[in-house]
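Given next are the chains, with one letter for each unit.
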Amino acid sequence: EAQVTQNPRYLITVTGKKLTVTCSQNMNHEYMSWYRQDPGLGLRQIYYSMNVEVTDKGDVPEGYKVSRKEKRNFPLILESPSPNQTSLYFCASRGLSTDTQYFGPGTRLTVL
Amino acid sequence: DAKTTQPTSMDCAEGRAANLPCNHSTISGNEYVYWYRQIHSQGPQYIIHGLKNNETNEMASLIITEDRKSSTLILPHATLRDTAVYYCIASSGTYKYIFGTGTRLKVLA
C-alpha cells in the first residue's frame, strides 16, 4: 500500500531536549515536505526537498533542521525544542511527474 | 505563489451540492489551483486541481473563472463524510505550497 509514515505519532518532551521525527514514503517520490499546523494559522510549510541531498526552506524554517540522505526518508530535527514548537506536524511526498501530495498521519508534539 | 481567500465556514444539507468558493486574484499564468481537504486532524487529502479549464473527477468538480481570479469546488451530492476543512491553494508546482486556513464545511443531516 502506497503510504507516508511518521514516527512517533505523539510526543511529549521538555524544552531543549533534541528530538527527531521520522518520515518515510514507499512511493519512490522525489519531493518531500514538512508542515506544521496550528489553530487559526492553517498548514505552514517548514522545509521541503526536491531530491536526495537537496533541501530548501519553506515559510517557517526557524528552529528546525532536515536531511535527505535517502530518497525514502526525510527526518525533521529539532535541536533545541521550545514550547512555541508545540504543534501538529505533517510530512508529505509527491512524485515530480504528478501534482498530488500524499500526507502522513501527523505527529502531535508537545514541548513543555 | 498567490495568496488565496476562502470563507471561514459553510454549511450544506446532506444530498445537496456543496459549492466552496476561493479567490485568487493575484494568481499568475503558470499557477495551478489545487484543492485539498482535511478531516478532523488527519493528513490533508488531495481532491482536484486545474489551470484554466474546468475539471471533474470522481470526487468533485472544479470551476475556474475565465480571468482565473476565482474558482469554485463543487461536491455534487454532499454526505456527512464530506464534513472537513477544505483548502484552496495556488501554486506553480515549484514545491512551495501556501495552504492558508481553509473553509470548514459542515454537512447537515
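An account of the accompanying structure is given in this report.

Parameters at a glance
Residues numbered from 1 in each chain as written. Chains lettered and ligands numbered in written order. Predicted model: local features only at pLDDT ≥ 70, side-chain atom pairs only at ≥ 80, totals over all residues. Heavy atoms only, no water. Phe/Tyr/Trp six-rings, centres within 6.5 Å; stacked < 30°, edge-to-face > 60°. Helix = DSSP H or I, 4+ residues; strand = E, 2+ residues; numbered from the N terminus. Buried < 20%, exposed > 50% of the residue type's maximum accessible area, 1.4 Å probe, protein only. Lys NZ or Arg CZ within 6 Å of the ring centre and 35° of its normal. Pairing = 2+ DSSP bridges. Contact = heavy atoms within 4.5 Å. Buried area = accessible area lost by both parts, 1.4 Å probe. Polar contact = N/O pair within 3.5 Å; in protein donor to acceptor, adjacent residues only side chain to side chain. Nonpolar A, V, L, I, M, F, W, Y, C, P; charged D, E, K, R; others polar. Disulfide = S-S within 2.5 Å.

Once that is clear, we can look at the packing of aromatic side chains. Counted by the stated rule, this structure contains 12 aromatic pairs over all chains. Between Tyr 35 of chain A and Phe 99 of chain B the ring centres are 5.4 Å apart and the planes differ by 80°, which places this aromatic pair in the edge-to-face class. Here the residue Tyr 35 of chain A occupies a position in strand S4 (residues 31–38), and Phe 99 of chain B occupies one in the loop between strand S8 (84–91) and strand S9 (103–108), the pair thus bridging two chains. The exposure class assigned to Phe 99 of chain B is buried, which follows from its relative accessible area of 0%. Here the aromatic residues Tyr 35 and Phe 103 of chain A together with Tyr 36, Tyr 46, Tyr 87 and Phe 99 of chain B are joined through ring pairs into a cluster of three or more. Positioned over the ring face of Tyr 31 of chain A is Arg 94 of chain A, at 5.7 Å from the centre of the ring.

So, about the sheet that holds strand S8 (residues 76–78) of chain A. In a beta sheet, neighbouring strands pair by backbone hydrogen bonds and run either parallel or antiparallel. All names here are of chain A. The strand order S1-S3-S8-S7 describes an open sheet built from 4 strands, whose pairing is antiparallel. Looking at the sheet topology across the chains shown, the edges are occupied by strand S1 (4–7) and strand S7 (65–66). Across 3 bridges, strand S3 (residues 19–25) lies against S8 in antiparallel orientation. Its bridge partner lying in S8, Leu 19 is registered against Leu 78.

This brings us to unusual backbone geometry. In this structure, the amide linkage connecting Asn 7 of chain A to the following residue, Pro 8 of chain A, adopts the cis form with an omega of -5°. Note on placement: Pro 8 of chain A falls in the loop between S1 and strand S2 (10–13). Positive phi is not limited to glycine here, since Asn 28 of chain A has a value of about 60°. Note that Asn 28 of chain A resides in the loop between S3 and S4. Unlike most non-glycine residues, Arg 68 of chain B shows phi in positive territory, near 65°. Structurally, the position occupied by Arg 68 of chain B is in the loop between strand S6 (61–64) and strand S7 (70–75).

Here we take up the interface of chain B and chain A. Reports often express the size of an interface as the amount of accessible area lost when the parts come together. The interface is formed by 19 residues belonging to chain B together with 24 residues belonging to chain A. With both sides pooled, the region where chain B packs onto chain A buries about 1,700 Å², and carbon together with sulfur makes up 52% of that total. Taken as a group, Tyr 95, Lys 96 and Tyr 97 of chain B account for 37% of the area that chain B buries against chain A, more than any other trio of residues on that side. Our enumeration of links across chain B and chain A arrives at 5 residue pairs in polar contact (both at pLDDT 80 or more). Those elements that place two or more of their residues in the side of chain B that touches chain A are strand S3 (32–38) and strand S4 (45–50) of chain B. For the side of chain B that touches chain A, the leading source of residues is S3 of chain B, giving 3 residues. Residue classes in the side of chain B that touches chain A are distributed as 9 nonpolar, 9 polar and 1 charged.

In the structure shown here, the tally under the stated rule is 2 disulfides over all chains. Shown here is the disulfide that connects Cys 23 of chain A with Cys 91 of chain A, its sulfur atoms set 1.8 Å apart. The S-S bond linking Cys 23 of chain A to Cys 91 of chain A shows a torsion near -75°; that makes this disulfide left-handed. Within this pair, whereas Cys 23 of chain A is found in strand S3, its partner Cys 91 of chain A is found in strand S9 (residues 87–94), the two being separated by 68 residues in sequence. Just as Cys 23 of chain A is buried, Cys 91 of chain A falls in that class too. Not engaged in a disulfide, the cysteine Cys 12 of chain B finds its nearest cysteine sulfur in Cys 22 of chain B; these two sulfurs lie 18 Å apart.

Right, let's talk about the sheet that holds strand S2 (residues 18–23) of chain B for a bit. Residue and element names in this part refer to chain B. Spatially, 4 strands are ordered S2-S7-S6-S5 in an open sheet, and the strand pairing comes out antiparallel. Both edges of this open sheet fall to S2 and strand S5 (55–56), since each of them pairs with a single strand only. Where S2 lies against S7, 6 bridges are found, and the strand directions are antiparallel. Note on S7: the bridge partner recorded for Leu 20 is Leu 73.

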